[in-house]
Amino acid sequence: MITVQSIDKYDKEHPTAITIGTFDGVHIGHRKILLKLIENAKSRNLKSTVLTFFPHPRMVLQKDTEIKLLNTIDEKMMILERLDLDYLIIHPFTKTFSRLSATEFVRDILVNALRVKKIIIGYDHRFGRNRDANINDLIAFGNALDFEVDEIPAQEVDEVSVSSTKIRKALEEGGIETANAYLGYPYMLTGEVKKGKGLGRTLDFPTANLFIKETYKLIPKNGVYVVQANIEGEMVFGMMNIGYNPTVSGTAKSIEIHFFDFDRDLYDQRIQVDILARIRDEHKFESITALRNQLEKDKATSLSILNK
């Protein structure tokens, strides 16, 4: 897969089959569209191309600082890389871009810049200034400008019964297993390991403190989770706490991971943590000893889940 950081950097030599969207989560419903795109492109000797946008349109148009996304842009690129796509085009979304009329978007972007010959799109897709054009308009443009439109019908999408909104809700409620089933892969957190207060080491549970710079990334509900991570080619397992460390009167939210049978220096390393299961809510314990005893129980629970 070739990643292109702007529409105007696409090599016009190749005609394309395209799908368009934010694809937050790249969940099993999205992959149904993407696999159809790849199959169609191969059968017609076109380049399978995903056109997506960053920042998310709501961040630009609504100044929506509260929006939380399932993937950072780097995570999305990595997930799409696993598929057999030819191109991923990440176009900067700006207010100027949002003001393109439907005609300008189709004529100047899709036809002239990307040489589209086939578009595969969801039944409810809207585009152009104020999102005033729909699938029927796109079909009419296709008839006039020589490209085909394949609509993913509502019943086909509904069969999967999944959406990014449902996944966000599951994560916010602690339903990691539900979220993972909808995603088709474990929900991930990616960030840099930073120095913490060192409390975990005094409890014989040293932790890696994960700092995620992308403030728009959705962090699941506070609590204790079973996790895995590929660190320098080695798959390691552990447990993660998301929350405020109330037992020691913590005030700042943190993400701390204790890896089992692993004691390497990870400071300033960028790691990806896959969340496999949720054990419990975060609690305030009456003493440090009670906290340590609970951590022993959490480890036993985690190992039991992993052994299954």
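Keep in mind the model is a prediction, meaning the values are calculated, not measured.

Student: Which parts of the structure should I look at to understand the overall build of the protein chain?
Tutor: A count of helices and strands for the protein chain gives 11 helices and 12 strands. Overall size of the protein chain, expressed as C-alpha extent along the three principal axes, is 75 × 40 × 35 Å. Every one of the 308 residues in the protein chain was classed for burial, and the buried ones make up 49%. If you take every contact in the protein chain between residues at least 6 apart in sequence, the share linking residues at least 24 apart comes to 75%. Working note: accessible area of the protein chain is about 15,300 Å², and carbon and sulfur atoms make up 49% of it.

Student: Would you mind showing me how to read the sheet that holds strand β6 (residues 148-152) here?
Tutor: Neighbouring strands of a sheet are bound in pairs by backbone hydrogen bonds; such pairs are parallel or else antiparallel. Spatial ordering of the open sheet is given by β1-β4-β3-β2-β5-β6, a layout of 6 strands whose pairing is parallel. The sheet is open, and its two borders are formed by β1 (2-4) and β6, each paired with just one other strand. Across this sheet, the average inter-strand angle for adjacent strands is 20 degrees, counted without regard to direction. Relative to strand β3 (residues 47-54), strand β2 (residues 16-20) is paired through 5 bridges, and the arrangement is parallel. Bridge pairing in β3 links A17 to S48.

Student: What exactly am I supposed to notice about the pattern of salt bridges here?
Tutor: One side chain can pair with another of opposite charge once the charged atoms of both are near each other. Enumeration over the complete set of coordinates arrives at 19 salt bridges. A salt bridge links R44 to E148, with the shortest nitrogen-to-oxygen separation between them at 3.4 Å. Of the two residues, R44 is situated in the loop between α1 (28-43) and β3 and E148 in strand β6; the sequence distance between them amounts to 104 residues. Judged by relative accessible area, which is 35%, R44 ranks as partly exposed. Two residues, E214 and R270, come together in a salt bridge whose shortest N-O distance is 3.7 Å. Of this pair, E214 sits in the loop between β8 (208-211) and β9 (223-231) while R270 sits in strand β12 (residues 270-280); the two residues are 56 residues apart in sequence, bridging distant segments of the chain. Take E214: its relative accessible area is 10%, and that puts it in the buried class. A relative accessible area of 39% means that R270 is categorised as partly exposed. It is possible to trace a salt-bridge network through shared partners that takes in R44, K118, E148 and D150.

Student: What should I look at first to understand the sheet that holds β9 in this one?
Tutor: Reading around the barrel, the 6 strands line up as β7-β8-β11-β10-β9-β12 and close back on themselves, with antiparallel pairing between neighbours. Neighbour-to-neighbour, the strand axes of the sheet open up by a mean angle of 45 degrees, direction not taken into account. Strand direction decides the pairing type here: strand β7 (residues 187-194) and β8, joined by 3 bridges, are antiparallel. By the bridge assignment, V193 is partnered in β8 with L210. Here helix α3 (residues 73-81) sits on the sheet and contacts β7 and β12; the angle it forms with β7, its principal contact strand, is near 130 degrees.

Student: Is there a simple way to explain the pairing of β12 in this structure?
Tutor: Remember that side chains alternate between the two faces of the sheet whenever the strand is regular. Strand direction decides the pairing type here: β7 and β12, joined by 6 bridges, are antiparallel. Bridge assignment links E192 to a residue of β12, and that residue is R270. Examined bridge by bridge, β9 and β12 share 6 bridges and lie antiparallel to one another. Looking at β12, one finds that V224 is bridged to R280.

What counts and what doesn't
Residues numbered from 1 in each chain as written. Predicted model: local features only at pLDDT ≥ 70, side-chain atom pairs only at ≥ 80, totals over all residues. Heavy atoms only, no water. Helix = DSSP H or I, 4+ residues; strand = E, 2+ residues; numbered from the N terminus. Buried < 20%, exposed > 50% of the residue type's maximum accessible area, 1.4 Å probe, protein only. Contact = heavy atoms within 4.5 Å. Areas by Shrake-Rupley, 256 points an atom, 1.4 Å probe, with all protein chains shown as cover. Pairing = 2+ DSSP bridges. Axes fitted to C-alpha atoms, helices over the stretch in contact; angles between N-to-C directions. Salt bridge = Lys/Arg side-chain N within 4 Å of Asp/Glu carboxyl O.

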